[in-house]
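# Examining the three-dimensional arrangement
Given next are the chains, with one letter for each unit.
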Amino acid sequence: MIMGSHAVTAARALVAADLADPRWDAALDDAAAHRSWWLEQWPDGAEHVLGLLAQDAQEAVHAVNPQWPPCREPSCEEVGRHALFVEPDLGPDPFWVCERTGLPVAPVGHLNG
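Residues numbered from 1 in each chain as written. Predicted model: local features only at pLDDT ≥ 70, side-chain atom pairs only at ≥ 80, totals over all residues. Heavy atoms only, no water.

## Quick word on the overall build of the protein chain
Per the secondary structure count, the protein chain includes three helices and three strands. Relative to its length of 113 residues, the protein chain is compact, with a C-alpha radius of gyration of 14 Å against a globular reference of 13 Å. Dimensions along the principal axes, computed over C-alpha positions, put the protein chain at roughly 45 × 25 × 20 Å. In the protein chain, 50% of the contacts between residues at least 6 apart in sequence involve partners at least 24 apart. Total accessible area on the protein chain is roughly 6,300 Å²; 55% of this is exposed by carbon and sulfur atoms. In the protein chain, the 6 positive side-chain charges and the 17 negative ones have mean positions that sit 9 Å from each other. (Helix = DSSP H or I, 4+ residues; strand = E, 2+ residues; numbered from the N terminus. Rg over C-alpha atoms; globule rule 2.2 N^0.38 Å. Contact = heavy atoms within 4.5 Å. Areas by Shrake-Rupley, 256 points an atom, 1.4 Å probe, with all protein chains shown as cover. Lys, Arg positive; Asp, Glu negative; His and termini not counted. Charge placed at Lys NZ, Arg CZ, Asp CG, Glu CD.)

## Here we look at the pattern of salt bridges
Tallied over the full model, the rule gives six salt bridges. One salt bridge connects Asp-21 with Arg-23, and the closest N-O pair in it is separated by 2.7 Å. Judged by its relative accessible area of 23%, Asp-21 is partly exposed. For Arg-100, the salt bridge is made with Glu-99, and the minimal N-O distance between the two is 3.9 Å. (Salt bridge = Lys/Arg side-chain N within 4 Å of Asp/Glu carboxyl O. Buried < 20%, exposed > 50% of the residue type's maximum accessible area, 1.4 Å probe, protein only.)

## A short note on the packing of aromatic side chains
Using the criterion set out here, one finds two aromatic pairs in the structure. Here Trp-38 and Trp-42 contribute two aromatic rings whose centre-to-centre distance is 5.2 Å and whose plane-to-plane angle is 90 degrees, an arrangement assigned as edge-to-face. With a relative accessible area of 16%, Trp-38 lands in the buried category. The ring of Trp-38 carries Arg-35 above its face, with NZ or CZ at 5.6 Å from the centroid. (Phe/Tyr/Trp six-rings, centres within 6.5 Å; stacked < 30°, edge-to-face > 60°. Lys NZ or Arg CZ within 6 Å of the ring centre and 35° of its normal.)

## Examining the packing of helix H2 (residues 25-41) against helix H3 (residues 49-62)
At their nearest, the axes of H2 and H3 sit 9 Å apart, and the two run at 145 degrees to each other. In this structure, H2 crosses over H3, and the sense of that crossing is right-handed. Counting all contacts with H2, which are made through Ala-27, Leu-28, Ala-31, Ala-32, Arg-35, Trp-38 and Leu-39, the residues of H3 involved are Val-49, Leu-52, Leu-53, Asp-56, Ala-57 and Ala-60. The residue inventory of the contact of H2 with H3, partitioned by class, reads eleven nonpolar, no polar and two charged. (Axes fitted to C-alpha atoms, helices over the stretch in contact; angles between N-to-C directions. Left-handed = near helix turned anticlockwise from the far one by under 90°. Nonpolar A, V, L, I, M, F, W, Y, C, P; charged D, E, K, R; others polar.)

## Describing the sheet that holds strand S2 (residues 95-98)
The strand order S1-S2-S3 describes an open sheet built from three strands, whose pairing is antiparallel. The open sheet has two edge strands, strand S1 (84-87) and strand S3 (104-107), and neither has a second partner. Strand-to-strand twist of the sheet, defined as the mean angle between neighbouring strand axes without regard to direction, takes the value 35 degrees. Here H3 sits on the sheet in contact with S1 and S2, set at roughly 155 degrees to S1. (Pairing = 2+ DSSP bridges.)

Below you can see the structure in the form of structure tokens.
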């Protein structure tokens, strides 16, 4: 399944850009392998892979740093004191969103740029 493999590879690169830390590479590789299997089971799910992989990565990082990625929403009164989360939970074009304000901060893959 070339399309599915491409979707996972592209999603992995975008999530790695958000992580911006090679110590998470192994966790990201494990999540990408799981999402490759998931996509084999549901070939029409390619548009959901990026958001799911970002959520998988966040779960892995939260075991060490529960405030990753830190909020950067300018109108939030608690900038840097809580984590952003991925929305939609399942869907295309996922964004990192401030849970407090509900406002999008950056598309997944563009958190650091």
